[in-house]
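# Residue-level structural notes
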Amino acid sequence: MNKSSKIYIAGHRGMVGSAILRKLEKDGFDNFILKTSKELDLRNQQEVSIFFANEKPDYVFLAAAKVGGIVANNTYRADFLYENLAIQNNIIHASYLNKVKKLMFLGSSCIYPKLAPQPLKEEYLLTGLLEQTNEPYAIAKIAGIKMCEAYRSQYGCDFISVMPTNLYGPNDNYDLQNSHVLPAMIRKFHEAKVNGNLSVTLWGTGSPMREFLHADDLAAACIYLMENYSEPELVNVGTGTDVTIKELAETVKETVGFEGDLVWDTSKPDGTPRKLMDVSKLHSHGWKHTIDLKEGISLAYQDFLQNTGLRL
């Protein structure tokens, strides 16, 4: 990419897309095509086809998706499958038709089998059963990876796929019904602190292990890979280290300043026992994260306070 390249970021108002946009702007890029979901329905093939034909982007970051936590994934199974397939099918095919120089498809660590060996290597894709609660989302993302591989193989398209681990950061979703574990914890502990509650109840046993990457680190990795990686195989993006959900909760509790008790509702599901990414491939290409978890949670909490109207 050069500074005048025409760049389309699908999903630029989401956590990932907005982080990529911030990083590109910081690096001196300024020729962006940005459309909100009201301006362009990415599920609509005709709208997407017309948009690409008119705009002719040079580079595409496909960060748009219907996303959510365990509850949302398990409740809206048809929506997660249909909408994500539609979005990525339309963008990937339109990128091919309009000769986009390079496309990056962003997936998720949930593509890997529930009981795959740890840490998760890229070659473990499609070697076992998926986690049931988010299977529709995972299947859509796997289809996206395979589309990029197929368009590269059949048409010579420079389409690459990156698989981020669990993400958090600015513009995260703090809705308690639809958010992921870390932002949900930030909101729960904050509200408990403000309301003077004596305890906070969290789902499961606290024993599952999770890896967390700040969205700004992901954005830096994406831009690095867009400029330095061009191979058919997907690339994991993460930190290569993980913590238990209980350890995460203790760190969030400390950061927020909640002094009550933690209660674990073991009647609720834990989800996948462990999801740690093997990031040796990413490291071998010259990139490593810079924001550690404790610092990142502090940054995320400040963002939460500034942008949710729930200030102390």
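Please read all numbers here as calculations on a predicted model, not as lab measurements.

### Some words on the layout of surface pockets
In this structure, the second largest pocket spans a volume of roughly 240 Å³. The wall of the second largest pocket is formed by Ala19, Arg22, Lys23, Lys26, Pro170, Asp216, Asp217, Ala219, Ala220, Trp287, Thr290 and Ile291. Of all the elements in the fold, those that place two or more residues in the lining of the second largest pocket are α1 (15-26) and α7 (215-228). By residue class, the composition of the lining of the second largest pocket is 6 nonpolar, 1 polar and 5 charged.

### Description of empty space enclosed by the protein
To find the voids left in a structure, one rolls a probe of water-molecule size over its atoms. Summed over the entire model, instances satisfying the criterion amount to 1 cavity of 30 Å³ or more. Approximately 70 Å³ is the volume attributed to the largest cavity. Ser109, Cys110, Tyr112, Pro113, Lys114, Gln118, Leu120, Glu131, Asn134, Thr272, Arg274 and Lys275 are the residues that line the largest cavity. Considered class by class, the residues forming the lining of the largest cavity number 4 nonpolar, 4 polar and 4 charged.

### Some points on the pattern of salt bridges
Proximity of charged atoms lets side chains of opposite charge pair with each other. Per the counting criterion, the structure on display carries 14 salt bridges. Close ionic contact of Lys23 with Asp27 constitutes a salt bridge, the shortest N to O distance being 3.4 Å. Look at Asp27 and you get partly exposed, because its relative accessible area is 28%. Salt-bridge contacts for Glu254 lead to Lys294; the nearest nitrogen and oxygen are separated by 3.5 Å. In this pair, Glu254 is assigned in helix α8 (residues 245-256) and Lys294 in helix α10 (residues 293-307), connecting sequence segments 40 residues apart. Residue Glu254 is classed as exposed on the basis of its relative accessible area, which comes to 54%. By sharing partners, the salt bridges in this structure join Asp41, Arg43 and Glu83 into a single network.

Thresholds, definitions, all that
- Residues numbered from 1 in each chain as written.
- Predicted model: local features only at pLDDT ≥ 70, side-chain atom pairs only at ≥ 80, totals over all residues.
- Heavy atoms only, no water.
- 1 Å grid on protein atoms, 1.4 Å probe; cavity = no way out; pocket = protein on both sides within 12 Å on 5 of 7 lines; lining within 4 Å.
- Points joined across faces, edges and corners; volume = space filled by probe spheres on them.
- Helix = DSSP H or I, 4+ residues; strand = E, 2+ residues; numbered from the N terminus.
- Nonpolar A, V, L, I, M, F, W, Y, C, P; charged D, E, K, R; others polar.
- Salt bridge = Lys/Arg side-chain N within 4 Å of Asp/Glu carboxyl O.
- Buried < 20%, exposed > 50% of the residue type's maximum accessible area, 1.4 Å probe, protein only.

What is shown is where atoms sit, not what they do.
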